[in-house]
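Single-letter residue listing:
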Amino acid sequence: METMLLKGAVVRDTVFAELREQVVAAPRPPGLAVVLVGDDPASQIYVGHKEKGCETVGFHHVTHRLPTDTTEEDLLALITALNRDPAIDGILIQLPLPVGIDQSLILRTVDPRKDVDGFHPENLGLLVAGTPSFVPCTPKGILRLLTHYEIPVAHQRVTIVGRSVIVGRPLALLLSLKRAVGNATVTVCHSGTTDLAAETRRADIVVAAMGAARFLGPDHLSAGTTVIDVGINRVEAPERKRGYRLVGDVDAEAVKGHVAALTPVPGGIGPMTIAMLLENTFEAMARREGLA
Ligand code: NAP
């Protein structure tokens, strides 16, 4: 069986092109503030991608790079200022935050109307209630990618490996909503799951969001499954100039030719996440301007 690659980078380019057109027609460019605390190398790369995305679609953007020893008080003061800043429609706190900062307190200080990551308890609560407002970007990107490639979701069995509040949990809620791109039968697995392979093998769609390099292989996946690989893991690659390569949670080489469809890493869900962040930021601007 030939495995179809679900190329998020291609869909991202389409979303960016649509956003560029919308920005030209808008009363003002949307504004995104990114807050990065500390010097985590992966976070710095992700923030760079977000800045580049803003440039591409013509958004106003500002990045606050703060030292690792930033106090919780200083961070709260910055968020309060961004909440009040009329040029800022969306606020993104790059996670993880350094140890010692109460992440949950920081996330609930962001104005829910500017919470383009969808992590404020109000927005998560609306998702649980079945009336989502701002939806977390990675789950939203997964749904958009499945829609783009016309992969049916309704009535399908979906197994999600990972229950984080960023990916697994909101995705499970979205997929189980009674909607056109939803209405699936969802199983959520985690480190307490007794027989992971049994749960993944009986799924039509498997979403891997574990953070475990190349963990899922042919033994975990039935022939014909659609596989969404969210994982981004660094593995050593001495032959490369930078000394590492990025791989997913799925052993891509081993499952190619066995599964029906697979998202590449990199170039799959990562670009979709950024595209949905910018879409949410446009939406925040439109709501604040009374256009949506
Ligand atoms: P996380 O908070 O570390 O959560 C990982 C989840 O996977 C947990 O629920 C954990 O179970 C479960 N898990 C780990 N190993 C397992 C195993 N062997 N068997 C069963 N369950 C297992 O991770 P996250 O923030 O969701 O991120 C997951 C991965 O996605 C990471 O590689 C991250 O870099 C990547 N990511 C990518 C994007 C993107 O845009 N592409 C966005 C976000 C995250 P417990 O709850 O029991 O510990």
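Residues numbered from 1 in each chain as written. Predicted model: local features only at pLDDT ≥ 70, side-chain atom pairs only at ≥ 80, totals over all residues. Heavy atoms only, no water.

A. Representation of the nonpolar core within the structure. Val207, Ile228 and Leu278 are the most contacted members of the largest nonpolar core, which has 52 residues in total. Of all the secondary-structure elements, those providing two or more residues to this core are helix 1 (8–25), strand 2 (31–37), helix 2 (41–57), helix 6 (137–148), strand 5 (157–161), helix 7 (168–176), strand 7 (205–208) and helix 10 (269–288). The residue makeup of this core includes at least three contributed by each of domain 1 (28–112) and domain 2 (137–269). Discounting chain neighbours no more than four positions away, the residues touching leucine 278 are Phe16, Leu19, Leu32, Gly53, Cys54, Val57 and Phe59. Formed by 17 residues, the second largest nonpolar core is a distinct cluster that contains Val35, Leu82, Leu97 and Leu107. (Core = buried A, V, L, I, M, F, W, Y, C linked by side-chain atoms within 4.5 Å. Buried < 20%, exposed > 50% of the residue type's maximum accessible area, 1.4 Å probe, protein only. Helix = DSSP H or I, 4+ residues; strand = E, 2+ residues; numbered from the N terminus. Domains from an automatic or database assignment. Contact = heavy atoms within 4.5 Å.)

B. Just empty space enclosed by the protein, in detail. Enumeration over the complete set of coordinates arrives at one cavity of 30 Å³ or more. Here the largest cavity defines a volume of roughly 50 Å³. Lining the largest cavity are Ile91, Leu92, Ile93, Leu107, Val110, Asp115, Asp117 and Phe119. Element by element, the count of residues in the lining of the largest cavity is highest for strand 4 (residues 90–93), at three residues. For the lining of the largest cavity, the residue count by class is six nonpolar, no polar and two charged. (1 Å grid on protein atoms, 1.4 Å probe; cavity = no way out; pocket = protein on both sides within 12 Å on 5 of 7 lines; lining within 4 Å. Points joined across faces, edges and corners; volume = space filled by probe spheres on them. Nonpolar A, V, L, I, M, F, W, Y, C, P; charged D, E, K, R; others polar.)

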